[in-house]
Amino acid sequence: MRARTGTGFAVAVAAAGALALGTAGSANGTAPAAGDPAPQSPYASTTGVGVHNAYEKSKYRYFADALDSGAGMLELDVWTNVFGSGWRVSHSNPVGNDNNCENAATPAELRTKSRNQSLAGCLTDMKSWHDAHPGHRPILLKVELKDGFQGRNGRGPAELDALLKSKLGDAVYRPAQLTGGHATLDEAVRSDGWPRRGDLAGKFIVELIPGTVEQGNPADSLWTDREYATHLRDLAAAGRLGEAAAFPAVLGAEAGDPRGRYADAAIRPWFVLFDGDASAYAGGTIDTKWYADRRYLVVMSDAHNVAPAIDAVNATEAQARDRVALLARGNASIVSSDWYPLPGVLSTVLPRG
């Protein structure tokens, strides 16, 4: 059942002030969700903290360490082009894997295997970590498809759904679960909102954004956001929405309703997640309360660049906490930067607005 108010969270905030979820994970893993101060609060009423490109070995030796960090969002970069096989996870290598994922099939295998695995390997790590921490905090998995989908080569939206299902199973929170009996995602969140944090315990929410290479490719006119939203619309029309496993995001902060950029009005109600530069959201020209009032999620990236800028990696804990609090007041759902050395900040959860 979805909670319609944030009363429980308001009480917790009044009692504790700025709240933090749990502590940093240990080498053997912890149960981060045990410290959640607001299990009765709707997910869209809170602000968490994310790590940009959490798959990079310079940040975490293993992806399990990123999962243990307490962060509310972790990001993967994925390549699909025909010059390599499968779904590759890497920042700048378009044909191979360069990451901290190890394809650990069981919790006991975490932190024991060779890294540089495919997206399937990263998802396998997530499932093994999930099995060791079944009540973990809800985690937004932000996936940037660097060069977009490649449906003609077996790497399209339906194939991604199948991969997420095969590797994560019921640990994925799906669009059909959010829509319930409503016709679209927009109708569902504006009517009932997102579930409570406690109801999302043990779940991964997969966000999809267009990639930098895709956006710069003049031959690519069908970006990830539009392609996956169209996929959701068509699945719903066919009575098969339950097959979908991800949520497309509108990328780029702008005033008004940014879904107006999509010429096909029928796909607009399938976007309830928005992602853009924190400085733009904080600049005073965008009404971020518009998002919060409609219970839409907003990921604010590059939080360190909001004036006055602070270090992207080695900000002090006080600086990072102040920045998270500032953007929480500005209606962020997730505040994202590279503050991996600050697990106390990553596990922070504040009231939104």
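Details of the structure are given in the entry above.
In this text the structure is predicted, and so the values were computed from the model without any measurement.

Cut-offs and rules
Residues numbered from 1 in each chain as written. Predicted model: local features only at pLDDT ≥ 70, side-chain atom pairs only at ≥ 80, totals over all residues. Heavy atoms only, no water. Axes fitted to C-alpha atoms, helices over the stretch in contact; angles between N-to-C directions. Helix = DSSP H or I, 4+ residues; strand = E, 2+ residues; numbered from the N terminus. Left-handed = near helix turned anticlockwise from the far one by under 90°. Contact = heavy atoms within 4.5 Å. 1 Å grid on protein atoms, 1.4 Å probe; cavity = no way out; pocket = protein on both sides within 12 Å on 5 of 7 lines; lining within 4 Å. Points joined across faces, edges and corners; volume = space filled by probe spheres on them. Nonpolar A, V, L, I, M, F, W, Y, C, P; charged D, E, K, R; others polar. Buried < 20%, exposed > 50% of the residue type's maximum accessible area, 1.4 Å probe, protein only. Pairing = 2+ DSSP bridges. Salt bridge = Lys/Arg side-chain N within 4 Å of Asp/Glu carboxyl O.

**Q** What exactly am I supposed to notice about the packing of helix α3 (residues 119-132) against helix α4 (residues 157-168) here?
**A** The description of two helices packed together rests on the angle between their axes and the distance between the axes. In contact at an axis separation of 8 Å, α3 and α4 are set at 35° when each is read in the N-to-C sense. As α3 runs across α4, the sense of the crossing is right-handed. Across from L119, A120, L123, T124, M126 and K127 in α3, the residues of α4 making contact are L160, L163, L164, K167 and L168.

**Q** Would you explain the layout of surface pockets in this entry?
**A** Taking a probe equal in size to a water molecule and rolling it over the atoms shows the remaining empty space. Empty space within the largest pocket amounts to approximately 310 Å³. What lines the largest pocket is a set of 13 residues, among which F149, Q150, R152, D220 and L222 lie closest to the centre. A breakdown of the residues in the lining of the largest pocket according to their chemical character gives 4 nonpolar, 5 polar and 4 charged. In this model, the second largest pocket occupies a volume close to 250 Å³. Within the residue set of the lining of the second largest pocket, elements represented by two or more residues are β2 (73-79), β4 (139-145), β5 (204-210), α7 (212-215) and β7 (273-277). Tallied by class, the residues present in the lining of the second largest pocket amount to 3 nonpolar, 8 polar and 8 charged.

**Q** Can you walk me through the pairing of strand β6 (residues 247-251) in this structure?
**A** With 4 of its 5 residues buried, β6 lies for the most part within the structure. Across 2 bridges, the pairing between β5 and β6 is parallel. Looking across to β6, one finds that L208 is bridged to P248. Bridging between β6 and β7 involves 3 bridges; their strand directions are parallel. Across the sheet, L251 pairs through a bridge with D275, a residue of β7.

**Q** Just checking my understanding: could you explain the pattern of salt bridges for this structure?
**A** Think of it this way: side chains of opposite charge can pair up when their charged atoms draw near. The full count for this structure, using the stated rule, is 19 salt bridges. Salt-bridge contacts for D338 lead to K59; the nearest nitrogen and oxygen are separated by 2.4 Å. Pair noted here: D338 is in the loop between β9 (334-337) and α12 (343-346) and K59 is in the loop between β1 (46-51) and α2 (63-68), with a separation of 279 residues, a long-range link. Relative accessible area serves as the criterion here: at 12%, K59 is assigned to the buried category. Where D199 meets R196, a salt bridge forms, and the shortest distance between an N and an O atom there is 2.9 Å.

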